[in-house]
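Chain and residue survey
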Amino acid sequence: MESKYNTWYHPYKISEDYSKKVAYFSMEFGIDQALKIYSGGLGFLAGSHMRSGFELKQNMVGIGMLWKYGYYDQARNEDQTLRIDFIEKSYDFLEDTGIEVEIKLHDNPHVKVRAYVLKPEIFGTVPIYLLSTDVEGNDFISKTITNHLYDANTLTRISQSIVLGIGGAKVVEALGGADVYHLNEGHALPAFYYLRDQGVNKTQMVFTTHTPEKAGNEEHDARHLNRSGFFGRRYSEEELGKEMVHNGMISYTVSALRLARKANAVSKLHAVVANDMWKDFEGISEIIPITNAQNQLFWQDKTIGKSWKEQNTKAYKARKTELKNELFDEVFNQTGKRFDSNVLTFVWARRFAGYKRADLLLHDLERFQRLISNNKYPVQIIWAGKPYPFDYYAIDIFNHLIHHSKNQPNLAVLIGYEIALSRKLKCGSDVWLNTPRITREASGTSGMTAAMNGSVNVSTNDGWIPEFEKDGENCFVLPTIDYKLPIWEQDKIDANNLFEILENKVIPTYYDNPEKWQDIVFKAIDDIIPEFSANTLADKYYKELYLK
């Protein structure tokens, strides 16, 4: 039977406000626990956007990748340290659209790319087309391109960008074409080059940048990309020269900013940082702020939401206790430790990366020991998150936390940080710790969904936090320090400030002034919704990026 989805199709009536046809390209989508094609925040953002696109009945489709082994599965070695497993995935809820396109990769002019569709009725998203090279007729190497999200092999990573970009653009052509092509980060950059050659106008191309430091923005040798098929055809030396930024390199971000009519950063602070970062490059597009957000319907516990709307403290506390116990069942299952729902519980959980400083509290071990052994003001701390599987520095921090917490009854490090565990942690925590070095976190969204569920943010003043924070009223914020200081000094000052806030404000408020704590909890939800809900974000993308 022929799929309805081999043309541009939505099973709902498109809203007049959002009638422009938009194709949204992202290397990862965090849609549901069962669909393991995401690594972290970029995917969670894209997933929430696609859900809100569905709720608002927008004329949008997602273009992504069908990762055969996902990102990776988090497991434990014999000593409880991190083990990385790659396990083949299969999804019978995806439908083969029948669309198959060919792209040129390296010396192979006939690599087949197959499109499978995640239909709206499965998880409540706009249609999302997921691409695979694991197709009959492809050679073995070509079949493996869509094996692993963010493959460690540079050649494979470049190939993945070409599959998503050019393969994705050709799939959109097969659907009937789009009015707007939106790249969520620079991974799909080849789409812009290919589309330009097909006569697609610059006014139809928009771009979202996420990475607030030049070193984190992908660059590769121009001639190497040219040989790989990155531009959709072989460029002349003169053409290559126009695309280079320095030393023969192509910067994905600079190229995307030059090819797009308009671009956005993912918080107001990030827009300032991004405009300053790229101001010396000629021909780049305007970068406006559209702050990241998360889908309320998906992420907020319904009983928590109802108790907030009714300002029913008793119902809130009863549900919060249930949610804490659900989280503590997971702690007990993984670690054998029994946590107490009456005890103030901190959670630090997100992608593990050095600059996010999961171990900031351990920078002063004596003070940390006093904090976790205070019988008058007891605390429990949970860490969770996935390091990139080949980021050995981040893995070392993860394992350091495991070793340090092993023999402490009120400390736990959990594995399996995916959507289901993320939800449990956000619903079951009292405090959400967010400790990146200033200007390094473009937005950060985990604290938004934590706040939706009554977890109070304790954070450095980075990313989205400056747009939200009312210190002591809806969260607790560390004093802003000079981000140009040496990293060692920044960490020392921030660790000291974090202890000061926890010891003198957060913990005493929770135990000695529960009415004030409840005010902070409800005030935070007031200020999160609707400003940091993805329906607001999806509306802004149409009005500020697609239509203007």
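Now for a quick tour of the structure. (Residues numbered from 1 in each chain as written. Predicted model: local features only at pLDDT ≥ 70, side-chain atom pairs only at ≥ 80, totals over all residues. Heavy atoms only, no water.)

Let's shift gears to the packing of aromatic side chains. Inspection of every chain in the model, using the stated rule, returns 34 aromatic pairs. Plain terms: the ring middles of F44 and W299 are 5.5 Å apart, the flat faces sit at 35° to each other, and that makes the pair tilted. Separated by 255 residues along the polypeptide, F44 in helix α1 (residues 41-55) and W299 in helix α10 (residues 296-299) bring together distant segments of the chain. Side by side, F44 and W299 carry an identical accessibility label, which is buried. (Phe/Tyr/Trp six-rings, centres within 6.5 Å; stacked < 30°, edge-to-face > 60°. Helix = DSSP H or I, 4+ residues; strand = E, 2+ residues; numbered from the N terminus. Buried < 20%, exposed > 50% of the residue type's maximum accessible area, 1.4 Å probe, protein only.)

Once that is clear, we can look at the nonpolar core. In this structure, F346, F368, W383, V458, L502 and Y546 are the most contacted members of the largest nonpolar core, which totals 166 residues. When residues of this core are assigned to their parent elements, the largest contribution, nine residues, is made by helix α4 (residues 154-175). In contact with F368, other than residues within four places in its own chain, are L361, L362, I381, W383, H404, L411 and F499. Of all hydrophobic cores here, the second largest spans 15 residues; its members include L327, L414, L421 and A450. (Core = buried A, V, L, I, M, F, W, Y, C linked by side-chain atoms within 4.5 Å. Contact = heavy atoms within 4.5 Å.)

Residue placement: E330 occurs in helix α12 (residues 313-335). Here the alpha-carbon distance between E330 and G98, two residues 232 residues apart in the chain, equals 42 Å. Beyond its immediate stretch of four places on either side in the chain, E330 contacts L414, L421 and K424.

Next up on the list: the sheet that holds strand β5 (residues 95-105). Strand order across the open sheet formed by nine strands is β5-β6-β7-β2-β1-β8-β9-β12-β13, with mixed pairing between neighbours. Two strands lie at the open edges of the sheet, namely β5 and β13 (286-289), each paired on one side alone. On average, each strand axis in the sheet is inclined to that of its neighbour by 25°, with strand direction left out of account. Of the strand pairs in this sheet, strand β8 (residues 180-184) and strand β9 (residues 205-208) are connected by four bridges, and their pairing is parallel. Each bridged residue has a counterpart across the sheet, and for Y181 the counterpart in β9 is M205. Contacting β1 (22-25), β2 (60-65), β5, β6 (108-118), β7 (128-132) and β8, α4 runs over the sheet at an angle of about 125° to β5. (Pairing = 2+ DSSP bridges. Axes fitted to C-alpha atoms, helices over the stretch in contact; angles between N-to-C directions.)

Taken in spatial order, the six strands make up an open sheet running β16-β15-β14-β17-β18-β19, and their pairing is parallel. Each edge of the open sheet carries a strand with a single partner, namely β16 (411-414) and β19 (476-477). Taken together, the six bridges between strand β14 (residues 344-349) and strand β15 (residues 379-384) define a ladder with parallel strand orientation. Counterpart to L344 in the pairing with β15 is V379.

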